[in-house]
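Working through the structure, step by step
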Amino acid sequence: MRSQDHTEWKGRVAMPTQREVDEAKIRQHVDKIVEGIRAKDLEGLKKLYAKDVVSFDVEPPLQHVGIEAKLRNWANVFTFFQDVTYEVRDLTLTVGDDVAFGHCFGRLSGTLKNGTATSGMWVRGTFCFRKSDGNWLIAHDQVSVPLDIPSGKGVTDLEP
């Protein structure tokens, strides 16, 4: 018996489980986030989030509630970049029937509007998904950097 996306047993191929199908859909969803950021496609990104998304992003305030607030965050990012890239590394998912969560490292980089290239910084990302009408949407996300407690400043030069 071999372990793959599906299992072969005595010449027959077992169908993937619903969890395997859902995990693949969520991974594609994260890929669409990367594509949407690279394309600066706010309408495409809007389709990936729940309308009532709650986002704990790196910029103030403490929380951004609703799809319009989340899209304003991305619009702000796009105003700084001429070309933007987003990289996701080490995505790990746990998938249930109606909810799923994942964590990864992410890095926003590219060319700023003034022509300066930036390699960005690595952040920690957490996604919480909710299945609605067969579609997985991001209901919550959180982006953070480690905190140097004595100085009270974020540590932005770490790499995974």
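Rules behind the numbers
Residues numbered from 1 in each chain as written. Predicted model: local features only at pLDDT ≥ 70, side-chain atom pairs only at ≥ 80, totals over all residues. Heavy atoms only, no water. Helix = DSSP H or I, 4+ residues; strand = E, 2+ residues; numbered from the N terminus. Polar contact = N/O pair within 3.5 Å; in protein donor to acceptor, adjacent residues only side chain to side chain. Contact = heavy atoms within 4.5 Å. Pairing = 2+ DSSP bridges. Axes fitted to C-alpha atoms, helices over the stretch in contact; angles between N-to-C directions. Core = buried A, V, L, I, M, F, W, Y, C linked by side-chain atoms within 4.5 Å. Buried < 20%, exposed > 50% of the residue type's maximum accessible area, 1.4 Å probe, protein only. Expected span 1.5 Å × (residues − 1). Arc of directions from axis to C-beta.

Side note on the side chain of D57
When you line up the elements, D57 lands in the loop between β4 (49-56) and β5 (64-65). Side chain to side chain, D57 and N73 meet in a polar contact 3.0 Å long. Setting aside anything within four residues of it in sequence, one finds D57 in contact with H64, K70, N73 and V143.

Comments concerning unusual backbone geometry
With an omega dihedral of 0°, the bond running from P60 to P61 counts as a cis peptide bond. Structurally, P61 is set in the loop between β4 and β5. Of note in this structure, D133 is not a glycine but carries a positive phi near 50°. Tracing the backbone shows D133 in the loop between β8 (117-132) and β9 (135-144).

A few points about the sheet that holds β9
Read across the open sheet, the six strands follow the order β5-β4-β9-β8-β7-β6; overall the sheet is mixed. Taken across any chain shown, the strands that pair with only one partner, and hence form the sheet edges, are β5 and β6 (81-95). In this structure, β8 lies alongside β9, joined through nine bridges in antiparallel fashion. Directly across from C128, in β9, lies its bridge partner H140. Docked against the sheet, helix α1 (residues 18-39) engages β6, β7 (99-112), β8 and β9, running at close to 165° with respect to β6. Relative to β4, helix α3 (residues 67-80) is tilted by about 65°, and along the sheet it contacts β4, β5, β6, β7 and β9.

Some thoughts on the environment of P150
In this fold, P150 is placed in the loop between β10 (147-148) and β11 (153-154). Residues P150 and R27, 123 residues apart in the sequence, show an inter-C-alpha distance of 38 Å.

As for the nonpolar core
With 26 residues, the main nonpolar core has I37, L45 and F129 as its most contacted residues. Counting only elements with at least two residues in this core, the list comes to α1, β4, α3, β6, β7, β8 and β9. At six residues, the largest contribution of residues to this core is made by β6. If near-sequence neighbours (up to four positions away) are discounted, F129 is found in contact with I26, H29, V30, L93, D98, V99, A100, W136, L137, I138 and A139.

A word on α1
One turn of the α-helix equals 3.6 residues, which is why residues spaced by three or four share an orientation. When the terminal C-alpha atoms of α1 are compared, their 31 Å separation across 22 residues agrees well with the 32 Å that a helix rising 1.5 Å per residue should span. Listed as buried for α1 are D22, I26, H29, V30, I33, V34, G36 and I37. Buried residues along α1 cover an arc of 165° about the axis, so they all sit on one side. Seen from the open side of α1, the exposed residues pointing more than 90 degrees away from its buried face are E35 and A39. In this structure, the buried side of α1 is in contact with α2 (42-46), α3, β6, β7, β8 and β9. The positive-phi residue at the C-terminal boundary of α1 is K40, with phi of around 55°.

Regarding the pairing of β6
Note on strand geometry: in a regular strand, side chains alternate between the two faces of the sheet. Two strands pair when backbone bridges link them, and β6 and β7 are joined in this way by 12 bridges, in the antiparallel orientation. Of the residues in β7, the one forming a bridge with V95 is A100. Counting the residues between successive antiparallel strands, the hairpin from β6 to β7 contains three residues.

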